[in-house]
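Now for the letters of each chain:
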Amino acid sequence: MYESVIVAVDGSDDARRAARTGFALARKAGASVRVLNVLERSLLDVLRSSSDRDQIREERMELLAEFESEATAYGIEAETSLLEGKPSAQIAAVAEDEPNPVIVLGRQGRSTVSRKLMGGVTERVLEAGVAPVLVEPADKSRSEPLELREILLPTDGSSNADRAIPHGGALATETGARVHLLSVLDLQRAGGVFNAGGLKAEFVEHLESEVDDILESAVTAVADQAPSLDVQTVRRKSTNFDGVSGAIETYTETEDIDLVVMGSHGRSNVSRQVLGSVTSTVLRSVDVPVLVVPRDVQA
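Residues numbered from 1 in each chain as written. Predicted model: local features only at pLDDT ≥ 70, side-chain atom pairs only at ≥ 80, totals over all residues. Heavy atoms only, no water.

Participant: Explain the packing of helix α9 (residues 243-254) against helix α10 (residues 277-285) here, please?
Facilitator: Pairs of packed helices are described in terms of their axes, by the angle between the two and the distance that separates them. At a minimum axis separation of 9 Å, α9 and α10 run at an interaxial angle of 35°. Crossing handedness for the pair α9 and α10: right-handed. Packed against α9, whose contacting residues are Val 244, Ser 245, Ile 248 and Glu 249, the element α10 presents Val 278, Thr 281, Val 282 and Ser 285 at the interface. Broken down by class, the residue content of the contact of α9 with α10 amounts to four nonpolar, three polar and one charged. (Axes fitted to C-alpha atoms, helices over the stretch in contact; angles between N-to-C directions. Helix = DSSP H or I, 4+ residues; strand = E, 2+ residues; numbered from the N terminus. Left-handed = near helix turned anticlockwise from the far one by under 90°. Contact = heavy atoms within 4.5 Å. Nonpolar A, V, L, I, M, F, W, Y, C, P; charged D, E, K, R; others polar.)

Participant: I keep staring at the packing of helix α6 (residues 159-175) against helix α8 (residues 201-225) and nothing clicks. Help me out?
Facilitator: Relative orientation of the contacting elements α6 and α8 amounts to 50°, with a least axis distance of 10 Å. In terms of orientation, α6 and α8 fall into the oblique class. Considering only the axes of α6 and α8, their crossing is right-handed. Listed contacts from α8 to Ile 165, Pro 166, Gly 169 and Ala 170 of α6 are Ala 218, Ala 221, Val 222 and Gln 225. Among the residues forming the contact of α6 with α8, the class breakdown is six nonpolar, two polar and no charged. (Parallel < 35°, antiparallel > 145°, perpendicular 65-115°, else oblique.)

Participant: Which parts of the structure should I look at to understand the pairing of strand β2 (residues 32-39)?
Facilitator: Within a regular beta strand, the side chains point alternately toward one face of the sheet and then the other, so they alternate between its two faces. Taking burial as the measure, the eight residues of β2 include seven buried ones, the bulk of the element. Sheet topology note: the strand β1 (residues 4-8)/β2 ladder contains five bridges and is parallel. Within β2, the position partnered with Ala 8 by the bridge is Leu 36. The pairing of β2 with strand β3 (residues 78-84) spans seven bridges and is classified as parallel. Bridge pairing in β3 links Leu 39 to Glu 84. (Buried < 20%, exposed > 50% of the residue type's maximum accessible area, 1.4 Å probe, protein only. Pairing = 2+ DSSP bridges.)

Participant: Which parts of the structure should I look at to understand the side chain of Arg 107?
Facilitator: Assignment of secondary structure puts Arg 107 in the loop between β4 (101-106) and α5 (120-128). Engagement of the side chain of Arg 107 in a polar contact is seen with the backbone oxygen of Leu 283, the distance being 3.0 Å. (Polar contact = N/O pair within 3.5 Å; in protein donor to acceptor, adjacent residues only side chain to side chain.)

Participant: How should the sheet that holds strand β9 (residues 259-263) be read in this particular structure?
Facilitator: Remark on secondary structure: sheet strands pair via backbone hydrogen bonds, oriented parallel or antiparallel. Strand order in this open sheet of 10 strands is β3-β2-β1-β4-β5-β10-β9-β6-β7-β8, and the pairing throughout is mixed. Because the sheet does not close on itself, it has two edges, and the strands there are β3 and β8 (231-238). Pairs of neighbouring strands in the sheet enclose a mean axial angle of 25°, with direction left out of account. As paired elements, β1 and β4 share four bridges and run parallel to each other. By the bridge assignment for β4, Val 5 is matched with Val 102. The strands touched by helix α1 (residues 13-29) are β1, β2, β4 and β5 (133-136); relative to β1, the strand with the most contacts, the crossing angle is about 170°. Its contacts with the sheet put helix α4 (residues 87-97) on β1, β2, β3 and β4, and the angle it makes with β2 is roughly 155°.

Participant: I'm lost on the environment of Ala 221 in this one. Help?
Facilitator: Among the structural elements, Ala 221 can be located in helix α8. Looking at Ala 221, the relative accessible area reads 31%, which means it is partly exposed. Between the C-alpha atom of Ala 221 and that of Asp 162, which follows or precedes it by 59 residues, the distance is 8.3 Å.

Participant: Is there a simple way to think about the environment of His 180 in this case?
Facilitator: Tracing the backbone through its elements, the reader meets His 180 in strand β7 (residues 178-186). We classify His 180 as buried; its relative accessible area is 0%. Remark: the alpha-carbon pair of His 180 and Val 260, spanning 80 residues in sequence, is separated by 9.5 Å. The contact partners of His 180, leaving out residues within four places of it in the chain, are Glu 150, Ile 151, Leu 152, Leu 153, Gln 232, Tyr 251 and Ile 257.

Given below as structure tokens:
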């Protein structure tokens, strides 16, 4: 799976939950662990004295020592680093220097007030696209971090979605989880906002055939990687404005999914820097961890 797990922490409950997930992942993968805390330069600049700056650095080092001890309790050795600068840039820079990395972050940071919003650092790391990012939600209660029985792989047939398949397959192989391959037919989008008369049956059948082809291709990709995996294919129709992301959220809830693995962009996204709309919405709405695989990252 991964050779290095990078966990960025800020002392929030979300970061602590993410760290436990990162440690569990590292133990399963036999990967090295880096735990980072980043002091923003803007914070250091407002402190009036060198003693104040030394004190906050000492507090952050104590925080990192806590995480190092927790990693030891998981039976792994964690390297800790206190960095200075822009958090998202520092996290991305560390990931670029590590072999086959995955970044683990909490969905929110200390400054985020709504459970439906992601912290700014998490969003910027996702948009940097330097490595897969595992985003841990705020309020998911599990007896064991990263206890995987059911893994959801949404796919729209795009090359971006295809890049996520090997990552989901590797995690399923390592944990014995079942893989759910889900493709959503968005009839609202296919018909257009102003389509009052509905779609013709022939057109819907054509779209359904395309979705079936997408699922068949995804099954082949999973089988090529791990023929023994338990794979379930699912086609869903969405007729409301919640679209694909709403269907993914509903399926995640009803099927007790433990992890969603998806590409950072889908077919309709053209910008290389902005996170895809479906992925962005899923990250904000589901209450299970989401592993986001960027465009340019291969398994």
